[in-house]
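Single-letter residue listing:
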Amino acid sequence: MKSHLHIYCDKKSLDQFIHLLGDANEGLRSLAGEIILDKGGTAALPRLIENLREGNTYQRRGLAALITRIGNSNTLEKIIPLLRDNDREIKKTAITIIGEIGGSKATMHIASLVGADDYWVRKKAVEALAKIRDPKSLDSLLAQLEREKDPKIKSDIISTLGEIGDAQTARRILPHINNEDMVLRQQVVDAVEKIADAGIVSDVIAIMKDAEVNTRRAAVEILDKVRDPNAIHMLLKALQDGDWWVREIATDALVELRSGGLNKKVVELFKSEEENVRRSAVEYFVRSPDRDALDGLTGLLKDSDWWVREKCVQALGKLGDEKAIEPILELAEDPDVRLAVPAAFGEIGGGKAVMYLHDFMEDPDRSFRLASLKALGVIKSKVSLPHIKNMVRDEDGSIRKDRKSVV
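What counts as what
- Residues numbered from 1 in each chain as written.
- Predicted model: local features only at pLDDT ≥ 70, side-chain atom pairs only at ≥ 80, totals over all residues.
- Heavy atoms only, no water.
- Helix = DSSP H or I, 4+ residues; strand = E, 2+ residues; numbered from the N terminus.
- Rg over C-alpha atoms; globule rule 2.2 N^0.38 Å.
- Contact = heavy atoms within 4.5 Å.
- Areas by Shrake-Rupley, 256 points an atom, 1.4 Å probe, with all protein chains shown as cover.
- pLDDT = per-residue confidence, 0-100.
- Phe/Tyr/Trp six-rings, centres within 6.5 Å; stacked < 30°, edge-to-face > 60°.
- Buried < 20%, exposed > 50% of the residue type's maximum accessible area, 1.4 Å probe, protein only.
- Lys NZ or Arg CZ within 6 Å of the ring centre and 35° of its normal.
- Core = buried A, V, L, I, M, F, W, Y, C linked by side-chain atoms within 4.5 Å.
- Salt bridge = Lys/Arg side-chain N within 4 Å of Asp/Glu carboxyl O.

### Considerations on the overall build of the protein chain
Counting its regular elements, the protein chain contains 27 helices and zero strands. In terms of overall size, the protein chain is more extended than a compact globule, its C-alpha atoms giving a radius of gyration of 33 Å where 407 residues would be expected to give roughly 22 Å. With the C-alpha coordinates aligned to their principal axes, the bounding extent of the protein chain is approximately 95 × 55 × 30 Å. A separation of at least 24 residues holds for 62% of the contacts in the protein chain among residues at least 6 apart in sequence. Total accessible area computed for the protein chain in this model is approximately 20300 Å², and 48% of it derives from carbon and sulfur atoms.

See below:
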């Protein structure tokens, strides 16, 4: 079919093929477009532009696609006047074409429309600037960000700023993290993380004083990504926040920073009367083991909160210090945390840990026996082989099966 239609396409019949761009049949529209490009080329541009005012939505979209493919900076001179057209659809089509062609002249004319009264014109203008990616549009976008009421357009502006902005732009975007719209808040976080530098820390810290929990969460997330030592003070404060997610992100950020003197400051939090603060402080040392925390962690093994006790066992196990074995052993009778004890001994290793694990394999609790078996598998001590093989007589089938993988 294409070859037959090619025969009929010349300058005189070009308008007929342009008309086919508005046909309801998608295949025919696509075929007409290919033939216009093939037979008309750049010579067809004037007729394509003239027909933008004619036809239906299909035709305008087809014309815009063709003009974009064969047009250049000189084509803009013919399209720019359409930005002043009273017809919204013509104006939107012109914005799309100009955005695709791009260039500094395109930026100048599209940027003037981001504050248009018409919603769809504003939206198209922002989308076009996102394609052009010209830093010269920053001032217009930032100005509209302050005025914009529609959350979708506001989100698009922030996303675009995150792609083409700089550190100063990040500071201008940051206040919008207070927005009640969850999606928009995350958009701010994502954009700021892409373009911010360490200079943003002071601004984020100021925002973290906000009483709204979602704002604190978002602010700490930015600090986690920036990871500047100057943020330590506020991250330590966030470690004591009433919201668990703020504490979680702060813990992640502090683990990554590992700045000098930080560990001692976290150990100080062991004394907090708030169990959530003690939990976060201990969790920090589970992820970032430090021998300076040995005494403090040992002291918390008697904490009133079972979660703190369990995490202390884990943290002490990761230290790999045999000094922790005897204190941890006392929790082998603690019903709330005893299952963490064998794993800790497996990480510490050594003859003393192996000896106690052998004893644990006689425990009536099958879960405790299984945990002990797995711990011996981590240590891989030859003296344990007879004890492990002896588990073939264990009353629990899963233990008999698992001991084969340990031997």
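Text resumes after the structure shown.
### Points about the confidence of the model for the protein chain
Across the protein chain, the average pLDDT comes to 86, with 90% of residues at or above 70. Contacts for the low-pLDDT stretch residues 1-5, under 50 throughout, to residues beyond four places or in other chains number eight contacts.

### Details of the packing of aromatic side chains
Per the counting criterion, the structure on display carries seven aromatic pairs. With centroids separated by 5.0 Å and ring planes inclined at 85°, the aromatic side chains of Tyr 119 and Trp 120 adopt a geometry described as edge-to-face. Tyr 119 gets classed as partly exposed once you look at its relative accessible area, which sits at 26%. Between Trp 244 and Trp 245, the ring centres sit 5.2 Å apart and the planes meet at 65°, which makes this aromatic pair edge-to-face. Residue classification places Trp 244 among the exposed residues on the basis of a relative accessible area of 53%. Here the aromatic residues Phe 345, Tyr 356, Phe 360 and Phe 368 are joined through ring pairs into a cluster of three or more. Above the face of the Phe 368 ring, Arg 338 is positioned so that its terminal group lies 3.9 Å from the ring centre.

### A few points about the nonpolar core
Ranked by size, the top nonpolar core spans 128 residues in total, and within it Ile 36, Leu 48, Ile 110, Leu 235, Leu 297, Ile 328 and Phe 345 carry the most contacts. Element by element, the count of residues in this core is highest for helix H17 (residues 244-257), at seven residues. Residues within four places of Leu 297 in sequence aside, it is in contact with Phe 270, Val 282, Phe 285, Cys 312, Ala 315, Leu 316 and Leu 319.

### Describing the pattern of salt bridges
Taken as a whole and judged by the stated rule, the model has 29 salt bridges. One connected set of salt bridges, linked through shared partners, spans Glu 248, Asp 252, Glu 283, Arg 287 and Lys 311.

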